[in-house]
Amino acid sequence: MPDHLPPVPPPTAPAVPPHGRRPDDAELIRDPLVEVQGLAKYFDVSKPFLNRVFEGAPRRLLRAVDGVDIKIPRGETFSLVGESGCGKSTVARTIVGLYRPSRGTVMFEGTDLATLTRRAARMPFHRRVQMIFQDPFASLNPRWRVLDIIAEPIRAHRLAKSAQEVRERVAELLTQVKLTARDGEKFPHEFSGGQRQRISIARALASNPDFLVCDEPTSALDVSVQAQILNLMKDLQRELGLTYLFISHNLAAVYHVSDWVGVMYLGRVVEWGAKRTVFSTPRHPYTRMLLDTIPDITMSGRERMPVGGEVPNPIDPPPGCPFHPRCPHANERCVAELPASKVSEQGSHVACHGVEEGRIPTHAAPGAKVGLGKG
Amino acid sequence: MALLEVDNLRVEFPTRRGTLVAVDDVSFAIDEGEVLGVVGESGAGKSLTGTAIIGLLEPPGRVAGGEIRLEGKRIDKLPPDQMRRIRGAKIGAIFQDPLTSLNPLYRIGTQIVETVLTHTDLTPTKARMRALELLKEVGIPAAEHRIDHYPHQLSGGMRQRVVIALALCANPRLIIADEPTTALDVSIQAQILALLRRLGRDHGTAVMLVTHDMGVIAETAHRVAVMYAGRIAEIGAVRQVVGRPRHPYTVGLMGSIPAVGRDQERLTQIDGAMPRLTDIPRGCAFNPRCPHAFDRCFADRPDPIAMADGKVACWRFDQAEAAAEVGHA
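Just so it is clear, the model here is predicted, and its values are computed rather than measured. (Residues numbered from 1 in each chain as written. Chains lettered and ligands numbered in written order. Predicted model: local features only at pLDDT ≥ 70, side-chain atom pairs only at ≥ 80, totals over all residues. Heavy atoms only, no water.)

J.: Before we move on, could you go through the overall build of chain A and cite the residues and values that matter?
T.: Along its length, chain A carries 12 helices and 12 strands. In chain A, which comprises 375 residues, the share counted as buried stands at 53%. The contacts of chain A with a sequence gap of at least 6 include a subset with a gap of at least 24, amounting to 67%. Total accessible area on chain A is roughly 16,500 Å²; 54% of this is exposed by carbon and sulfur atoms. (Helix = DSSP H or I, 4+ residues; strand = E, 2+ residues; numbered from the N terminus. Buried < 20%, exposed > 50% of the residue type's maximum accessible area, 1.4 Å probe, protein only. Contact = heavy atoms within 4.5 Å. Areas by Shrake-Rupley, 256 points an atom, 1.4 Å probe, with all protein chains shown as cover.)

J.: Describe the interface of chain A and chain B, listing the residues and the values that go with them.
T.: Taken together, the contacts link 41 residues of chain A with 43 residues of chain B. Of the roughly 3,700 Å² buried where chain A meets chain B, counting both sides, 51% is carbon and sulfur surface. For the interface between chain A and chain B, the tally reads 11 residue pairs in polar contact (both at pLDDT 80 or more). Within the residue set of the side of chain A that touches chain B, elements represented by two or more residues are α7 (223-240), α8 (251-257), α9 (275-280) and α10 (285-292) of chain A. Looking at the side of chain A that touches chain B, its residues break down into 17 nonpolar, 10 polar and 14 charged. (Buried area = accessible area lost by both parts, 1.4 Å probe. Polar contact = N/O pair within 3.5 Å; in protein donor to acceptor, adjacent residues only side chain to side chain. Nonpolar A, V, L, I, M, F, W, Y, C, P; charged D, E, K, R; others polar.)

J.: Could you give an account of the pattern of salt bridges, naming the residues involved and the relevant values?
T.: The full count for this structure, using the stated rule, is 42 salt bridges over all chains. Residue Glu356(A) pairs with Arg333(A) through a salt bridge whose shortest N-O separation is 4.0 Å. In this pair, Glu356(A) is assigned in helix α12 (residues 353-356) and Arg333(A) in helix α11 (residues 332-336), connecting sequence segments 23 residues apart. The exposure class assigned to Arg333(A) is buried, which follows from its relative accessible area of 13%. Residue Arg301(B) pairs with Asp24(B) through a salt bridge whose shortest N-O separation is 3.7 Å. One end of the pair, Arg301(B), is in the loop between α12 (295-299) and β11 (305-307); the other, Asp24(B), is in strand β2 (residues 18-30), and 277 residues separate them in sequence. (Salt bridge = Lys/Arg side-chain N within 4 Å of Asp/Glu carboxyl O.)

J.: With reference to specific residues and values, describe unusual backbone geometry.
T.: All names here are of chain B. Note the cis peptide between Pro59 and Pro60, where omega equals 10 degrees. Mapped onto the fold, Pro60 is located in the loop between α1 (46-53) and β4 (62-70). Of note in this structure, Glu179 is not a glycine but carries a positive phi near 50 degrees. The exposure class assigned to Glu179 is buried, which follows from its relative accessible area of 8%.

Right, here's the structure in full:
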């Protein structure tokens, strides 16, 4: 392996012609709403103290997230995608402040969240960042009326002066998510899964946020209901100028909603960039593998490439590149050395020795199927 | 003669407030080596159809009408002990959550051997060899080693393979797979579906694949039945139903699925939700959500109408038009 690596070409003209309003180059995110640098979150999963003393059991850390750098531009949708256990939900929860990062920083409009130590200083941030959870059956208090569920953020942030004003605001929110004001009197059990997810969205919108973190918002829903919720989310984004961080394992849903995509594997973002770049010219072998596993609904007769192996245990990740045991292109360097994220010719950020050294050809089979023809 | 024939199946749940009809007038057949996909949203009755066939309906649910025939013999009226002999021997079942299908207290080898001994007259030694063979067949690496593991030591994909191995113990003629890949990651999903397809090809096993995922159906099934509110809305060859859906519900369902490479601002949206069993509307159950509903849809319930190579339960395709389309095709 030569020590001198070929220089990474500077991010020049976007490789994919601009189809919309912006060129496909992540470097062009000038003023990100959220910027995550070197984010890591470790969980201590050691045995209890006495077991460690008497049995000599070592401390064990689960590295759920281990070095994530992403930027989320204002008014757009950034998706994190990956298989279960890859750390995408942990990233989401750390960004909203539910977890304290073990390392790294989360910047919201240029302010490092770690510097907001006092509750009073954090409150404006919490008002502006809200979250939607996966399971609409678990995320709504069954003993509260919908009115109170949605009013809670309004009351917590003192956004209304009178009880009357709270009620009016809740009615407005309910209509915004295509329910009726009368639904506020009901309890969550009176609603279907899709309607409950609308209530979650209304609650998230109650504090006039700028940034919504949606953790698998449609995974528990049927496809026709998923379509309703995804359409609603897009409408709200247009009306209110919201920025989304969308967490999902469903690549098709991600393709539909996103402007930017990050692919996670074992706590790291292995590839991220503009949606079109990542889907049409995936560079990282794991991204290609994921794209290959999408069930083919167009009935082109394409056999899915059966992928061997499974995601390793994050408590005991493989050395070097975490993907090397499953990677068809792995060599000695991949086993020994962790790849850093580099900008590829396409403008996406890829953490792969093979891509960096030019060992992996640019074009991947699944890219052919992504319709970039229409412009 | 088809391997499995279901005619006018009706499943009811008597309740204090009246009888709920969860599955109504469902008819289909599965040939040897064929994979029939049954697709629908939650509450459509697809899982109940499967459980009715293997005779595992939870009381008070019961088969209230129709016939289920396996290899030409009726199995819906069999006494429990006879049905138990058919279950496992002739019909295997795979459920969504592999962890609840396996006993956490026994090694997987023990569980497979027990099933093999129940349904065949092999000796215990031979049965263990058969268990090993089965584990290899479903693609468990280092099967000699894994056979002595407990379920918790295996990953989700491996557990689902063990469940499939259990279903295969007695070489059943039919496998009912109820959401077999829903709890699994996409990469593992592809492996399991490839395995199901291979069973049909190599052993002539018929598979009834119950799922909500059209993508899974499109690449695995030969024919597909779309269920809505307890009835079959459309049934036919998978190319036909997925590629040229006819029933307005299928059309909406296909349009509501996002696809990689399909750029669209909004997904096709079917407003509303599937009716609850307590208030299924008069006429066609889909009429409140149907963009094409006309007066007849609100009055009469449509029966499946034979079309080119399938059936559609929609008044828009009543005899005259259906004949015209068949002639056209």
